[in-house]
Amino acid sequence: QVQLVESGGGLVQAGGSLRLSCAASGRTVSSYGMGWFRQAPGKEREFVAAIRMSSGYIRYADSLEGRFTISRDNAKNTVYLQMNSLKPDDTAVYYCAANRYGTPATVSSSYNYWGQGTQVTVSS
């Protein structure tokens, strides 16, 4: 079993930045695919970014316009999401997820483990 704990969310003004962290425990995730998803009130959960922990291969949602950066630290069993130039539309609960087969998937059903989420609120 893998446990995932997100942190780093909060309230920020539009144009600001936040860095989310996702710490994994239970087993090493260095061979996993790790993803970030978000869910705004009344909307479906959507893909944000994903990384293959072994190689660093990365995928992003097209809608991000280059504002977000995913990274990993295998020594710390942690994945990060740096979010810059935040907009009110980025307001959502952000979830971290792990795929045991190493796939940096863009669909939520491909992930085996999920964190509880961290709230990000961007004020205008």
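This text gives an overview of the structure that appears in the document. Worth saying up front: this structure is predicted, and the values here are computed from it rather than measured.

### Topic: the sheet that holds strand β3 (residues 18–25)
Part 1 of the reasoning: Taking strand neighbours across the sheet as the criterion, the four strands line up as β1-β3-β8-β7 in an open arrangement whose pairing is antiparallel. The open sheet has two edge strands with one neighbour each: β1 (3–7) and β7 (68–73). Taking the axes of each pair of neighbouring strands and ignoring which way they run, one obtains an average angle of 15° across the sheet.
Part 2 of the reasoning: Pairing between β1 and β3: five bridges, direction antiparallel. From the neighbouring strand, Glu6 faces β3, where its bridge partner is Cys22.

### Section: the packing of aromatic side chains
Part 1 of the reasoning: Applying the stated rule across the entire model yields five aromatic pairs.
Part 2 of the reasoning: Taking the centre distance of 6.4 Å and the plane angle of 75° together, the rings of Tyr95 and Trp114 count as edge-to-face. With Tyr95 in strand β9 (residues 92–99) and Trp114 in strand β10 (residues 113–114), this pair connects stretches of sequence that are 19 residues apart.
Part 3 of the reasoning: With a centroid separation of 6.0 Å and an interplanar angle of 65°, the aromatic rings of Tyr111 and Trp114 are classed as edge-to-face.
Part 4 of the reasoning: Overall, Trp114 belongs to the partly exposed group, its relative accessible area being 26%.
Part 5 of the reasoning: Through successive ring pairs, a cluster of aromatic residues spans Phe37, Phe47, Tyr95, Tyr111 and Trp114.
Part 6 of the reasoning: Seen from the ring of Tyr80, Arg19 lies directly overhead, with NZ or CZ sitting 3.9 Å from the centre.

### Regarding the environment of Val29
Part 1 of the reasoning: Checked against the element boundaries, Val29 lands in the loop between β3 and β4 (33–39).
Part 2 of the reasoning: On the basis of relative accessible area, Val29 is assigned to the buried category, the value being 1%.
Part 3 of the reasoning: A C-alpha to C-alpha distance of 9.7 Å links Val29 and Val79, two positions 50 residues apart in sequence.
Part 4 of the reasoning: Once residues within four sequence positions are removed from consideration, Val29 is found in contact with Val2, Ala24, Met34, Met53 and Asn77.

The rules behind each value
- Residues numbered from 1 in each chain as written.
- Predicted model: local features only at pLDDT ≥ 70, side-chain atom pairs only at ≥ 80, totals over all residues.
- Heavy atoms only, no water.
- Pairing = 2+ DSSP bridges.
- Helix = DSSP H or I, 4+ residues; strand = E, 2+ residues; numbered from the N terminus.
- Axes fitted to C-alpha atoms, helices over the stretch in contact; angles between N-to-C directions.
- Phe/Tyr/Trp six-rings, centres within 6.5 Å; stacked < 30°, edge-to-face > 60°.
- Buried < 20%, exposed > 50% of the residue type's maximum accessible area, 1.4 Å probe, protein only.
- Lys NZ or Arg CZ within 6 Å of the ring centre and 35° of its normal.
- Contact = heavy atoms within 4.5 Å.

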